[in-house]
Amino acid sequence: MDVLKVQASAKTYPVYVEENLRHHVSRFLPSEYTAILIITDEHVSNCYLEDVKQGLSDHRVYTHIIPAGEKAKSIDIFYEIHTKAITCGLDRQSLIIALGGGVVGDAAGFAAATFMRGVGFIQMPTTILAHDSSVGGKVAINHEQGKNLIGSFYPPDAVIYDIQTLHTLSKQEVRSGYAELVKEALLADANFFQELMSQRLSSLTNRQLAEHLTKGIRIKSTIVEQDERESSVRKFLNLGHTLGHALEAMLGYGKWTHGELVGIGLLFAMRVSEKEYATVLPFEKLYTWLKDNGYPLKLPVLDPHDILAKMKLDKKAFNAAVQMVLLKDAGQPEMAEVSDAELLDFLESFLEELAQDYH
Ligand SMILES: NC(=O)c1ccc[n+]([C@@H]2O[C@H](COP(=O)([O-])OP(=O)(O)OC[C@H]3O[C@@H](n4cnc5c(N)ncnc54)[C@H](O)[C@@H]3O)[C@@H](O)[C@H]2O)c1
Ligand SMILES: O=C(O)C(=O)C[C@@H](O)[C@H](O)[C@H](O)COP(=O)(O)O
Ligand SMILES: [Zn+2]
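Residues numbered from 1 in each chain as written. Chains lettered and ligands numbered in written order. Predicted model: local features only at pLDDT ≥ 70, side-chain atom pairs only at ≥ 80, totals over all residues.

What counts here: UniProt positions are given in the numbering used here, feature names are shortened, and annotations may be inferred rather than shown by experiment.
Naming follows an unreviewed UniProt entry, where the protein chain appears as 3-dehydroquinate synthase of Lentibacillus juripiscarius. In its Function (unreviewed entry) section, UniProt records this for the protein chain: "Catalyzes the conversion of 3-deoxy-D-arabino-heptulosonate 7-phosphate (DAHP) to dehydroquinate (DHQ)."

Points about the sheet that holds strand E1 (residues 2-7)
Condition: Here the rule is simple: two strands pair whenever DSSP picks up at least two bridges between them. Strands here are runs of E lasting at least two residues and helices are runs of H or I lasting at least four, both read from the DSSP assignment and numbered beginning at the N terminus. Axes, fitted as lines to C-alpha atoms, cover a helix only where it is in contact. Angles between the N-to-C directions of the axes lie from 0 to 180 degrees. Residue pairs are scored as contacts if the distance between their C-beta atoms, which are placed from the backbone, is within 7 Å.
Ordered in space as E1-E2-E9-E6-E5-E3-E4, the 7 strands form an open sheet in which the pairing is mixed. Two strands close off the open sheet at either side, each with one partner strand: E1 and strand E4 (61-66). In this sheet, adjacent strand axes meet at a mean angle of 20° when their direction is disregarded. Here strand E5 (residues 95-100) runs beside strand E6 (residues 120-125); their pairing, made up of 6 bridges, is parallel. What sits directly across from Ala98, in E6, is Gln123. Running at roughly 15° to E1, helix H8 (residues 206-226) makes contact with E1 and strand E2 (12-18) of the sheet.

Re the domain arrangement of the protein chain
Here is the rule: Residue ranges labeled as domains rest on an automatic or database domain assignment. Gly is placed with the polar residues, together with every amino acid not listed as nonpolar (Ala, Val, Leu, Ile, Met, Phe, Trp, Tyr, Cys and Pro) or charged (Asp, Glu, Lys and Arg).
With domains assigned, the protein chain is organised as domain 1 (2-168) and domain 2 (171-355). Once you take the C-alpha centre of each, domain 1 and domain 2 turn out to be 26 Å apart. Taken together, the contact pairs 28 residues of domain 1 with 28 residues of domain 2. Of all elements in the fold, only E1, E2, helix H5 (130-133) and strand E8 (146-153) reach the threshold of two or more residues within the side of domain 1 that touches domain 2. Split into classes, the residues belonging to the side of domain 1 that touches domain 2 amount to 12 nonpolar, 11 polar and 5 charged.

Some remarks on the nonpolar core
Let me state the cut-off plainly: The term nonpolar core refers to a set of buried Ala, Val, Leu, Ile, Met, Phe, Trp, Tyr and Cys residues connected through C-beta atoms within 7 Å. Partly exposed residues are those whose C-beta has more than 12 but fewer than 20 other C-beta atoms within 10 Å; with 20 or more the residue is buried, with 12 or fewer it is exposed, and the C-beta atoms are placed from the backbone.
In terms of nonpolar packing, the biggest core is built from 104 residues, with Ile39, Ile96, Leu99, Ala107 and Ala269 touching the most fellow members. In this structure, this core is formed jointly by two domains, domain 1 (2-168) and domain 2 (171-355), each of which donates at least three residues. With near-sequence residues (within four places) excluded, Ala107 lies in contact with Ile66, Ala72, Lys73, Ile77, Phe78, Ile81 and Ile141.

Examining helix H11 (residues 283-292)
Operational definition: The arc refers to the directions leading from the helix axis to the C-beta atoms.
Among the residues making up H11, those that are buried are Leu286, Tyr287, Trp289 and Leu290. With its buried residues spanning 165° around the axis, H11 presents them on a single face. At its buried positions, H11 is contacted by helix H7 (190-197) and helix H10 (258-277). Looking one or two residues beyond H11, the residue adopting positive phi is Gly294, at roughly 85°.

This is how it looks when you write it as structure tokens:
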């Protein structure tokens, strides 16, 4: 089995990646817990909750099912998880397991970080995208006005990634997850980027998927180990997110997937980079790959001023100035401050380019 180790300041935690792990979770628990509360969503619970519970039959186990989708990263659901934890009698030696995609991981993780000021937490990702969200310790819920504005850094005790669960994902969710893999490739591994650009998502084999996920997790863990709390290089993992997050908040949480909008954000970051560094990036290659693989690229009509206002809520902003992750080349990210006037120009021409369908 592939077992990676991630070194955080508070602990080193294992990331297990293999098929069928959900049936044997007890084997992978890193310590004794007094009780376990599994948080999952309404889709994942139908497919996998029973399997996980059976593998934990030697423990006192409770479950709580939250709505599927981005709307569950809300203060109401967060409060609901706390209420459930209190009702079930969880104590400081108890464990919260997040069984699901990034939404469950982020919301349950933030509840675990705050319940009694922190209880045990294990990530059991069930989406491709969650190879990214389950590693690194970022946990959060959304504010109506902006993504992940209420959150914490709270590394898990372990990540148990049963990649057999990925077989039930919809095509849209496969696309969403691959956008984060493309982001990681663009940041750190130009060969991996080329490999992904020659991959049709509809013809992925299990082996290819496992290899891509392992490469993505390695890139992510290498970065977060250097800068857990995002004071320097971790900012690079936000490539494509300054615009992506702004659009998620503007278009209504959950209408588009996180990865779909990160895909558009990557294109925008490339265009800004090309202008800032007078360079040529593989914009056309990425655009064509996104299009060929069915990513939606047509945005509704949006006012660049409104987008800019949302971009300023980005957590990387400094003194009200937008800081973007740009690329000097594939594998060479840089942070740069981009002025409001420049951004308005870039946004206007980018939105026009997308509206004209580029080709
Ligand atoms: N914390 C981080 O570092 C980090 C990193 C990247 C993204 N995120 C966050 O992750 C979230 C997106 O995560 P996501 O894309 O996993 O979305 P998600 O959790 O909403 O899952 C997507 C959909 O797939 C369903 N689903 C999940 N697993 C399934 C399975 N195995 N089979 C069938 N259906 C399944 C879910 O019910 C949901 O409807 C966003 O909120 C984003 O901000 C966080
Ligand atoms: O782990 C990170 O750091 C990331 O930026 C990964 C992103 O893919 C992820 O979407 C993250 O939640 C964004 O963080 P935020 O701090 O911009 O909310
Ligand atoms: Zn992301």
